[in-house]
Amino acid sequence: MHPVYRFDKSMETLKRAMKVIPAGIYGHLGPVEGAHIPIDAFPKYCSRADGAYFWDLDGNRFIDYMCAYGPIILGYHDPDVDEAAARQRALADCTTAPSDIMVDFAELMVDTVASADWAFFAKNGNDVTSLAVLTARAYTHRKKIVFFNGYYHGVSPWAQKLGYSGILEEEVANNIYVGWNDLEGLERVFQENKGQIAGVIAQPYMHGNLADNQMPAPGFWQRVRKLCTDNSTVLIVDDVRAGFRLDMAGSDHYFGFEADLICFCKAIANGYNVSCLCGKDFLKTAVSGINYTGSYWMSAVPFAAGIACIQKLKRIDAPKLLNAKGQQLKAGLIAAAAKHDLDLRVTGAPSLFYLRLADDPSFMLHQRWIAECVKRGVFFTSHHNHFINAALSDADIAETLEIADEAFAAL
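Rules used throughout
- Residues numbered from 1 in each chain as written.
- Predicted model: local features only at pLDDT ≥ 70, side-chain atom pairs only at ≥ 80, totals over all residues.
- Heavy atoms only, no water.
- Patch = residues over 30% accessible without salt bridge, like charges linked within 9 Å, V, L, I, M, F, W, Y side chains within 5 Å.
- Areas by Shrake-Rupley, 256 points an atom, 1.4 Å probe, with all protein chains shown as cover.
- Salt bridge = Lys/Arg side-chain N within 4 Å of Asp/Glu carboxyl O.
- Helix = DSSP H or I, 4+ residues; strand = E, 2+ residues; numbered from the N terminus.
- Buried < 20%, exposed > 50% of the residue type's maximum accessible area, 1.4 Å probe, protein only.
- Axes fitted to C-alpha atoms, helices over the stretch in contact; angles between N-to-C directions.
- Parallel < 35°, antiparallel > 145°, perpendicular 65-115°, else oblique.
- Left-handed = near helix turned anticlockwise from the far one by under 90°.
- Contact = heavy atoms within 4.5 Å.
- Nonpolar A, V, L, I, M, F, W, Y, C, P; charged D, E, K, R; others polar.
- Phe/Tyr/Trp six-rings, centres within 6.5 Å; stacked < 30°, edge-to-face > 60°.
- Lys NZ or Arg CZ within 6 Å of the ring centre and 35° of its normal.
- Pairing = 2+ DSSP bridges.
- Core = buried A, V, L, I, M, F, W, Y, C linked by side-chain atoms within 4.5 Å.

K.L.:
I'm lost on a nonpolar patch on the surface in this one. Help?
P.N.:
Taken together, the side chains of V20, I21 and Y26 make up a nonpolar region of the molecular surface, amounting to roughly 340 Å² of accessible area. Residue placement: I21 occurs in the loop between α1 (8-20) and β1 (46-50). Its relative accessible area of 32% is what places I21 among the partly exposed residues.

Printed below as a string of structure tokens:
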């Protein structure tokens, strides 16, 4: 049996943080947005990380299936990535003129991503999804953007929904929503808004929160591609989460079509802060004319880390490796649940899997099981995709399955 952890130091630190930081920990990493249920069953702060693990302030070790919510694809402190970053840091990082390593990284992205003719670097996924929408509007001189229900494309006002705190009606007035895999609905939207749609933005498959993930129906993406082409509409793929987990050439390549713009962030540099928008040559002039940059967007150290990360992902055939590990974990988790007469749904790509106990539609049973796993050293979260990283070993997976079984028994 695995010991049940306590989180006393985490909770003490959270009390301190609440006095000086909004919500103590803001955003999806914190307790306010429902990621930690119950709050006292989850660690709040990390003391160190290595490989497939992180340790909290109380010294508890966790097998990490959130991987910093996606950026850690090779494992924490990957030696090849960290060495490349250290070499570049000794030369220069944030400088008045950008390092030429920026060009090296752009060439690598164009060589790697099947639909890419150019690369534009920023820091966060939100930076590049926002730039993609700006580019589509600049190129087409149109306003409207089509979204698929269940989407998440960042935190900018255009990407949020009416009724969210601080969001104005005019900020989302040109957003159009259709159901995932609803080709008839999409065709109707194009007919009703002829000559008005600047872009269609979508994840490569529906990997939203609070619902089982859904793959594209056969022929879905090919039809979406044709609709966009026929209507001179820019097709944007948000590959921020899934990028390099399905296919090193991009998730559009995996599903057999080409995006006009494709957004990368999480797995691009194994935790170093860089994101990238790649696009087709016909959009280069449009994106060049947009006033869009940031103080640290041309920092050289993340570029060096990104080069080392992508090169290593290619060497180890990361999509194949991560999928195999994910399949092994998926089969074991489903079997462990069945042993306790529970129906665990594991959906989405095995390298980017979503968990849901289907025995209770209120999610309460699922949240209790997740909490019991976390208290024993497996860091899952209740309502988000999970991530496989290359440092995860067979022994880690075996330990995860032991803890999952104990957590099911604890219910």
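K.L.:
What is the right way to read the packing of helix α3 (residues 101-112) against helix α9 (residues 300-315) from this model?
P.N.:
To characterise two packed helices, one gives the angle between the axes of the helices and the distance between these axes. Running from N to C, α3 and α9 point in directions that differ by 30 degrees, and their axes come no closer than 9 Å. Judged by the angle between their axes, α3 and α9 are roughly parallel. Handedness of the α3/α9 crossing: left-handed. Of the residues in α9, those touching α3 at I101, M102, D104, F105, L108, M109, D111 and T112 are A300, F303, A304, G306, I307, I310, Q311 and K314. A per-class count over the contact of α3 with α9 returns 10 nonpolar, three polar and three charged.

K.L.:
Would you mind going over the packing of aromatic side chains with me for this structure?
P.N.:
One pair of aromatic rings is described through two measures. These are the centre distance and the angle between the planes. For the structure on display, the rule yields 30 aromatic pairs. An angle of 5 degrees between the planes, with centres 4.6 Å apart, marks the rings of F105 and F121 as stacked. Note that F105 is positioned in helix α3 and F121 in strand β4 (residues 118-122), a separation of 16 residues in sequence. The residues F105 and F121 share a single accessibility class, namely buried. Taken together, the aromatic side chains of Y5, F7, F42, F54, F62 and F379 make up a single cluster linked through ring pairs. Here R48 stacks its cationic end above the ring of W55, 3.8 Å away from the centre of that ring. Positioned over the ring face of Y151 is K161, at 4.1 Å from the centre of the ring.

K.L.:
What should I look at first to understand the sheet that holds β1 in this one?
P.N.:
Hydrogen bonds along the backbone pair up the strands of a sheet, which may run parallel or antiparallel. Taken together, the four strands give an open sheet; going across it, the order is β1-β2-β3-β13, and neighbouring strands pair in mixed fashion. Edge positions in the sheet fall to β1 and β13 (378-379), since each of these pairs with one other strand and no more. With two bridges joining them, strand β3 (residues 61-64) and β13 adopt parallel strand pairing. Pairing of D64 across the sheet is with F379, part of β13. Strand contacts of helix α12 (residues 394-410): β2 (53-56), β3 and β13, with the helix running at about 105 degrees to β3, the strand carrying the most contacts.

K.L.:
Help me understand the sheet that holds strand β5 (residues 144-148) in this model?
P.N.:
Across the sheet, seven strands lie side by side as β4-β10-β9-β8-β7-β5-β6; this open sheet has mixed pairing. The open sheet has two free edges, formed respectively by β4 and β6 (175-178), since each of these has just one partner strand. Each strand axis lies, on average, 20 degrees off the axis of its neighbour in the sheet, ignoring direction. Here strand β7 (residues 197-202) runs beside strand β8 (residues 234-238); their pairing, made up of four bridges, is parallel. Residue pairing for β8: V200 is matched across the bridge by L235. Across the face of the sheet, α3 comes into contact with β4, β9 (261-264) and β10 (275-279) while running at roughly 125 degrees to β4. Packing of helix α6 (residues 220-230) onto the sheet brings it into contact with β5, β7 and β8, and relative to β8 it is tilted by some 140 degrees.

K.L.:
I would appreciate a short explanation of the pairing of β5 in the present structure.
P.N.:
Within a regular strand, the side chains alternate between the two sheet faces. A large share of β5 lies buried, amounting to five of its five residues. Alternating positions in β5 separate into two faces, K144, V146 and F148 on one and I145 and F147 on the other, with burial throughout.

K.L.:
Even after reading the chapter, I still don't get the nonpolar core, so can you show me in this structure?
P.N.:
The nonpolar side chains of a soluble globular protein tend to be buried, and buried together. Ranked by size, the top nonpolar core spans 105 residues in total, and within it Y65, M109, I268, W369 and F380 carry the most contacts. It is α9 that provides the largest number of residues to this core, a total of 10 residues. For I268, the residues in contact, after removing those within four places along its chain, are F105, M109, F244, V274, C276, G306, C309 and I310. Of all hydrophobic cores here, the second largest spans 26 residues; its members include A122, A198, C265 and W297.

K.L.:
Mind showing me how you'd approach the pattern of salt bridges here?
P.N.:
Where side chains of opposite charge bring their charged atoms close, a pairing between them can arise. Within the structure shown, the criterion is met by 18 salt bridges. A salt bridge links D281 to K284, with the nearest nitrogen and oxygen atoms 3.7 Å apart. Here D281 falls in the partly exposed class, since its relative accessible area comes to 47%. The exposure class of K284 is partly exposed, given its relative accessible area of 36%. With its nearest N and O atoms 3.2 Å apart, the salt bridge here joins D405 to K339. One end of the pair, D405, is in helix α12; the other, K339, is in helix α10 (residues 318-339), and 66 residues separate them in sequence. For K339, a relative accessible area of 58% corresponds to the exposed category. Salt bridges here are not isolated pairs; linked through shared partners, they connect D78, D80, K312 and R315.

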